[in-house]
Amino acid sequence: MRKSVFTGLVAGVATLSFASLVLQAADTAAQARAISAAAAADYTANLKGLFEHLHANPELSFQEKQTSARIVQELRAIPGIEVTSGVGRYGVVGVIRNGKGPVVMLRADMDGLPVTERNGLPYASKAKAVGPDGQETGVMHACGHDVHMTSLVGATRQLVAMKAEWRGTVIVIFQPAEEILGGAAAMLIDGLYTRFPKPDVVLGLHVASHIEPGKFQVHERIVNSSSDGVDIFFRGIGGHGAAPHTTIDPVVVASELVMALQTLVSRSIDPLEPGVVTVGVIQAGTKRNIISEEARLELTVRADNRETRDALIAGIQRIANGVARTHGVPEDRMPVVMMRETTPPNINHAESARTLRNALARSYGESRLSAVPRQGMGAEDFAYYGSPEWGSIPTVFFSVGGSVADDLRKAPPHHSPLFIIRPEPAVRGGVEGYTTAALTFLGRP
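In this text the structure is predicted, and so the values were computed from the model without any measurement. (Residues numbered from 1 in each chain as written. Predicted model: local features only at pLDDT ≥ 70, side-chain atom pairs only at ≥ 80, totals over all residues. Heavy atoms only, no water.)

Caption draft 1: A look at the overall build of the protein. Secondary structure summary: the protein contains ten helices and 17 strands in total. Here the protein has a C-alpha radius of gyration of 24 Å; the compact-globule value for 445 residues is 22 Å, and the two agree. Taken over the C-alpha atoms alone, the protein extends approximately 90 × 45 × 40 Å along its principal axes. The 445 residues of the protein split such that 55% are buried. Carbon and sulfur atoms provide 53% of the accessible area of the protein, an area that totals close to 18800 Å². Side chains of the protein give 43 positive and 44 negative charges; the mean places of these two sets differ by 4 Å. (Helix = DSSP H or I, 4+ residues; strand = E, 2+ residues; numbered from the N terminus. Rg over C-alpha atoms; globule rule 2.2 N^0.38 Å. Buried < 20%, exposed > 50% of the residue type's maximum accessible area, 1.4 Å probe, protein only. Areas by Shrake-Rupley, 256 points an atom, 1.4 Å probe, with all protein chains shown as cover. Lys, Arg positive; Asp, Glu negative; His and termini not counted. Charge placed at Lys NZ, Arg CZ, Asp CG, Glu CD.)

Caption draft 2: Seen up close, helix α2 (residues 28–56). Between the first and last C-alpha of α2 there are merely 37 Å, a value that for 29 residues lags more than 12% behind the 42 Å anticipated at 1.5 Å per step. Remark: the principal bend of α2, roughly 65°, maps to Y43. (Expected span 1.5 Å × (residues − 1). Bend = angle between axes of the 7 residues up to and from the residue.)

Caption draft 3: Main features of the sheet that holds strand β8 (residues 216–217). Strand order across the open sheet formed by seven strands is β1-β2-β6-β3-β7-β17-β8, with mixed pairing between neighbours. Each edge of the open sheet carries a strand with a single partner, namely β1 (82–87) and β8. The sheet contact formed by β8 and strand β17 (residues 395–401) spans two bridges and is antiparallel. Bridge assignment links Q217 to a residue of β17, and that residue is S399. Across the sheet, helix α4 (residues 145–161) touches β2 (91–98), β3 (103–109), β6 (168–175) and β7 (201–208), and the angle it forms with β3 is around 150°. (Pairing = 2+ DSSP bridges. Contact = heavy atoms within 4.5 Å. Axes fitted to C-alpha atoms, helices over the stretch in contact; angles between N-to-C directions.)

Caption draft 4: The pairing of β1, seen in detail. Bridge count between β1 and β2: five bridges; the pairing is antiparallel. The partner of E82 across the bridge, within β2, is V95. Two successive antiparallel strands, β1 and β2, enclose a turn made up of three residues, where G88 displays a positive phi of approximately 65°.

Caption draft 5: Structural view of the nonpolar core. Counting 66 residues, the largest nonpolar core has L75, L106 and F174 as its most contacted members. Setting aside chain neighbours within four positions, we find L106 in contact with L152, L159, V170, I171, V172, I173, L203, Y434 and A438. Counting residues in hydrophobic clusters, the runner-up holds 21 residues, among them V230, L264, I269 and V277. (Core = buried A, V, L, I, M, F, W, Y, C linked by side-chain atoms within 4.5 Å.)

Caption draft 6: Inspection of the pattern of salt bridges at higher detail. Tallied over the entire structure, the rule returns 19 salt bridges. For D304, the salt bridge goes to R374, with nearest N and O atoms at 2.8 Å. In this pair, D304 is assigned in the loop between β14 (294–303) and α8 (306–326) and R374 in the loop between α9 (350–364) and β17, connecting sequence segments 70 residues apart. The class for D304 is buried, based on a relative accessible area of 12%. One salt-bridge network, held together by shared partners, links D42, R70, E74 and R157. (Salt bridge = Lys/Arg side-chain N within 4 Å of Asp/Glu carboxyl O.)

Caption draft 7: Structural context of the packing of aromatic side chains. Tallied over the entire structure, the rule returns four aromatic pairs. Aromatic side chains F51 and Y123 sit 5.8 Å apart centroid to centroid with 80° between the ring planes, which places their arrangement in the edge-to-face category. Of this pair, F51 sits in helix α2 while Y123 sits in the loop between β3 and β4 (128–130); the two residues are 72 residues apart in sequence, bridging distant segments of the chain. Here the aromatic rings of F216 and Y364 are separated by 5.9 Å at their centres, their planes lie at 45°, and the arrangement is tilted. Of this pair, F216 sits in strand β8 while Y364 sits in helix α9; the two residues are 148 residues apart in sequence, bridging distant segments of the chain. Relative accessible area serves as the criterion here: at 1%, F216 is assigned to the buried category. Here the aromatic residues F382, Y385 and F397 are joined through ring pairs into a cluster of three or more. The ring of Y364 has R368 sitting right over it, with the charged end atom 5.2 Å from the ring centre. (Phe/Tyr/Trp six-rings, centres within 6.5 Å; stacked < 30°, edge-to-face > 60°. Lys NZ or Arg CZ within 6 Å of the ring centre and 35° of its normal.)

Function-wise, these values are silent; they only describe arrangement.
Structure follows, in structure tokens:
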């Protein structure tokens, strides 16, 4: 039988419910202490077990059937919440209505990665799955989505218990397929903003292995770069490897393009704006003495604003065509450029981000805010929730730390088979973060 999260919170008040504690809170700091106490109690009673279950049983993008079912089970055990599954294939939506007021959406993602876990955890994943390429692979929560789901379940319980303290509507969403940048769009296309109350603000959280455990980080503007997967197909004229003059060798054309693309960032965009063009895959040929008819490149392209992103994508097509023409490729066999797994830059609504940062500082103290700088140009399809094509809704995406290393530079990176975080401070911090973020933008009685 599940223990109540709202009892036994602190010595001397074991018989008080969480809601009673909050009702007695005289100020923000007191309310925050009650939230923290409830998060600690829930972690011991429920969330630790949920986290370890989710970590040990990851599923690949758009395969999150069992994960979705477990989340539905958790939400339906909470009174007063409307639960809908199957949104955008495996997405889950919970709606908590509490009178007139703002509509606040909280998002967590659910999918794992095609990575075989090697960190030695007692609850490490042994799961395997068949990926889109038809190959079997190990599966791992190597990016912390297990933390996000567990934290949002805990925050949902808190917000239901605290209904006397707020007015409005809370929507919690558990999104599939973030890792292939497809789940947010799938949920939106399936009516997230029409079948359910349309949010006034969307809030998302991500655990970070390079941030101090339990600390928060809120950027006022750019959080994640855009990401575009670009496939380029070169079509040459095949033939015998001993008679190259009778062919147009797509391997040579593709090789020259790899080098030519390096000028895009250095010569085609503002030097004060970051950009990345990386060729990750080159595939061609079947035998050493055969000149292939086709070569394929796979690229990842990153930028921090839409203008730079558009310039890089246009430049790839322009340079690809130019290199092909230099080698005599006929016009009817020009390179084919295709876009895969795309997302725009994830840019916080500045005013809302400042509001949330100030609320976290007032609630938990400035010492709970991390000053660790942004790391790299990772991407997040959370960006779609606030993109212009879906109404430019204000969004804030923030982080909670979970580093296992005293030297943060040595923390195992995300997407690594060695990825590991400290679950208790990360999950408890996630519950605090989601709950406080929602309360910050909801109305008051």
